Amino acid sequence: MMPAIKNSDKKGSFLVPFVIFGAIITLLGLLMLISIKANSFEKTLGDRQLELFDIYQIGEKYLHFVDESVKISMRPALLKISKNGLKKNPDCLKDNSQKYTLWARQDMDSECKPVTKECYPIEDEEKNYFVDSFKPEYMQLLQEFNDKRSSLTDFPAKIPTGSINPKVESIGDKLELVGTATDPILLQGVIAKAPYNLVLRYKVKPSFRIGIDVNFIKDGAYMASKAPQLLMKGDAEIRTNLDNFNAENPALKWKLADYSTPSTSCPHIVGTCNYCDEYLFDFGFNMGCIKEHEGKWVETISYKDVYAAVSVANGKGFYVSDPPSSPPQLKSISYDFGLNWLEETGRRTDCVP
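Residues numbered from 1 in each chain as written. Predicted model: local features only at pLDDT ≥ 70, side-chain atom pairs only at ≥ 80, totals over all residues. Heavy atoms only, no water.

Chemist: Even after reading the chapter, I still don't get the environment of tyrosine 275, so can you show me in this structure?
Modeler: Within the fold, tyrosine 275 resides in strand E10 (residues 263–282). Linking tyrosine 275 and cysteine 351, residues 76 residues apart in sequence, is a C-alpha distance of 6.8 Å. Not counting chain neighbours up to four residues away, the residues in contact with tyrosine 275 comprise Lys291, Glu292, His293, Glu294, Gly295, Cys351 and Pro353. (Helix = DSSP H or I, 4+ residues; strand = E, 2+ residues; numbered from the N terminus. Contact = heavy atoms within 4.5 Å.)

Chemist: Whenever I open this one, the pairing of strand E3 (residues 114–118) confuses me. Can you help?
Modeler: Two faces make up the sheet, and in a regular strand the side chains alternate between them. In the sheet, strand E2 (residues 101–108) pairs with E3 via five bridges, with the strands oriented antiparallel. Paired with glutamine 106 across the bridge in E3 is threonine 116. With antiparallel pairing between neighbouring strands as the criterion, E2 and E3 make up a hairpin whose turn holds five residues, including cysteine 112 at a positive phi of roughly 60 degrees. (Pairing = 2+ DSSP bridges.)

Chemist: Explain the state of the cysteines here, please?
Modeler: Formally, a disulfide is one covalent bond, and it connects the sulfur atom of one cysteine to the sulfur atom of another. Here the structure, examined in full by the defined rule, presents three disulfides. The disulfide that involves cysteine 112 links it to cysteine 266, with 1.9 Å between the sulfurs. The chirality of the disulfide connecting cysteine 112 with cysteine 266 is left-handed, given an S-S dihedral of about -85 degrees. Within this pair, whereas cysteine 112 is found in the loop between E2 and E3, its partner cysteine 266 is found in strand E10, the two being separated by 154 residues in sequence. You'll find cysteine 112 and cysteine 266 in the same group, each marked buried. Between cysteine 276 and cysteine 289 runs a disulfide, and the two sulfur atoms are separated by 2.0 Å. For the disulfide bridge between cysteine 276 and cysteine 289, the dihedral angle about the S-S bond is near 100 degrees, and by the sign convention the bridge is right-handed. Here cysteine 276 is found in strand E10, whereas its partner cysteine 289 is found in strand E11 (residues 285–320), with 13 residues between them in sequence. (Disulfide = S-S within 2.5 Å. Buried < 20%, exposed > 50% of the residue type's maximum accessible area, 1.4 Å probe, protein only.)

Written out as structure tokens, the structure reads:
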């Protein structure tokens, strides 16, 4: 029994090296096949996918640039419309200093009766005003990119600038700026290897949908509901009302930025009268009128032209370069607007030629 076992061990000792040698030969063969395929003139499907993926990555870089440009351009637009009380000039009235946009103003009509003109924020107008303020900022960034694009190897094509029509959309309690582009950015790559050239084309539209950091529509509606409570009030009462507004809605901080009461007057004709320009005097005494003429009764109303300028901060701020060549500075958003009304202080009537 022992010799049989010894013979079996000898056969096994020859089998193991043979199996290892065969595995080495098979592995070498596979490596040679892979090398031949890699050096073949044919472009495999995987290679084409990689080329397309590279072009896709370039398209994603374009879209990232567009999104960041939108975010940067929205900031000065928000600062501008808030500074002008959410009203585009000359659509709204200005005070005498031309500093504040007036949401309400009283003027005298031809009969010296006060007439109130209102110019409170309106949603559609606010949205259009924001878009009008945003577009020049955004287009300037795109134009600067296109001008410098030739020196940027990752951006082979220009961004179309004439086909983007942004608009503001209300999504629940938030605002979004949506830009739908009709003209795409055309990207292409060429797989150049004999015996043919394969052209890959990829189109990407520079559209965007970006959330706006400040819901100026909501803020404008709230402020427009409160501002009439300040009309026809004195300095002290206005400040008390502003304190109440601040306590009611801590997200907005109201303050009285300016309060002035210049005096002025308004004359108007209220009827006819007779006046005398020649008198008879006897020994220094007025003996009566020699020559009488028909004149006009003119009533002159004196009043205070009250201006109350209000600034409402919402706690948001951005680093903005203004002008673009200057270093960025932190600027806070505050809605600045004014109210104006007339307070009568007296009146008199005179007969004049």
